[in-house]
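Architecture and fold: a report
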Amino acid sequence: MATALKNLSEYQSEGIRDVSARRFGIVVAEWNHEVTEALFEGAIATLKQHGVPDENVVRKNVPGSFELSLGGQYLAQRPDIDAVICLGCVIQGETRHFDFICSAVAHGITEVGLKYNKPVIFGVLTPDNQQQALDRAGGKHGNKGDEAAITAIKMLSF
Ligand SMILES: Nc1c(NC[C@H](O)[C@H](O)[C@H](O)CO)[nH]c(=O)[nH]c1=O
Ligand SMILES: CC(=O)[C@@H](O)COP(=O)(O)O
């Protein structure tokens with residue numbers, strides 16, 4: 001279902017376990033920081049709503065979304081972190097660079113989760129333009145950061 005037909009911040013809550021004692025890593029790409037900071041605010045707010053204290057969250061920044069895979073791996077390999085949330089925003093430009101970044105980071109984040117056998121969440125927006133990004137970072141379509149955080153929580157409830 002396209003995002004335009006659903007709200008990223010709405011979710012079914014049945015089956016969610018208590019995660020207040022679990023520890024989360026959040027990796028935030030600095031590119032398009034207005035958007036990625038909004039994603040982070042959504043993610044941290046969602047974790048707090050589920051009882052996760054600030055001290056149970058480790059935040060690290062990376063330059064761009066391409067680096068989310070390695071940043072996510074740095075955190076996923078830590079025995080004191082139960083799940084990793086990767087937040088980024090890759091906006092289509094004039095060239096095919098967008099395609100290479102999006103493909104690399106999607107595959108990279110997937111590989112990290114499988115390698116370390118723990119949730120590593122793809123919280124990366126891949127819009128055509130800035131407005132589409134803002135609409136999905138606390139705008140009319142909700143917040144991808146909320147979705148990424150609740151996805152991490154649900155995977156820890158597996
Ligand atoms: N254009 C965007 C980038 N580009 C930078 C890459 O992510 C990477 O940091 C660089 O290629 C060096 O390895 N990153 C984004 O997150 N969003 C963009 O729109
Ligand atoms: C996704 C990108 O790297 C992109 O913003 C770069 O823009 P361009 O393709 O016009 O060089």
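Note that the structure is predicted; figures quoted are calculated from it, not measured. (Residues numbered from 1 in each chain as written. Chains lettered and ligands numbered in written order. Predicted model: local features only at pLDDT ≥ 70, side-chain atom pairs only at ≥ 80, totals over all residues. Heavy atoms only, no water.)

1. A look at the UniProt feature "binding site: 5-amino-6-(D-ribitylamino)uracil" (unreviewed entry) in the chain
What counts, and what does not: UniProt positions are given in the numbering used here, feature names are shortened, and annotations may be inferred rather than shown by experiment. Starting at the N terminus, helices and strands are each numbered in turn, a helix being any DSSP run of H or I of at least four residues and a strand any DSSP run of E of at least two. We call two residues contacting when some pair of their heavy atoms lies within 4.5 Å. Partly exposed residues are those whose accessible area sits between 20% and 50% of the maximum for their type, while under 20% is buried and over 50% is exposed, using a 1.4 Å probe and protein chains only.
Per the UniProt record, "binding site: 5-amino-6-(D-ribitylamino)uracil" (unreviewed entry) is found at W31, S65, F66, E67, C89, V90, I91 and F122. By secondary structure assignment, the location of W31 is in the loop between β1 (24-29) and α1 (33-49). Once residues within four sequence positions are removed from consideration, W31 is found in contact with T36, P63, G64 and C89. Within the secondary structure, V90 sits in the loop between β3 (83-89) and α3 (97-116). Under the relative-accessibility criterion, V90 is labelled buried at 6%. Ignoring sequence-local partners within four residues, the contact set of V90 consists of N32, S65, F98, I101, C102, V124, L125, T126 and P127.

2. Brief notes about the side chain of D146
Quick note on the threshold: Think of a polar contact as two N or O atoms within 3.5 Å of one another; within protein, one of them needs to be a possible hydrogen donor and the other a possible acceptor, and neighboring residues in sequence only count if both atoms come from side chains.
As for its placement among the helices and strands, D146 is situated in helix α5 (residues 144-156). Looking at D146, its side chain comes within polar contact range of the side chain of S9, at 2.6 Å. Beyond its immediate chain neighbours, meaning those up to four positions away, D146 contacts L8, S9, G42, A43 and T46.

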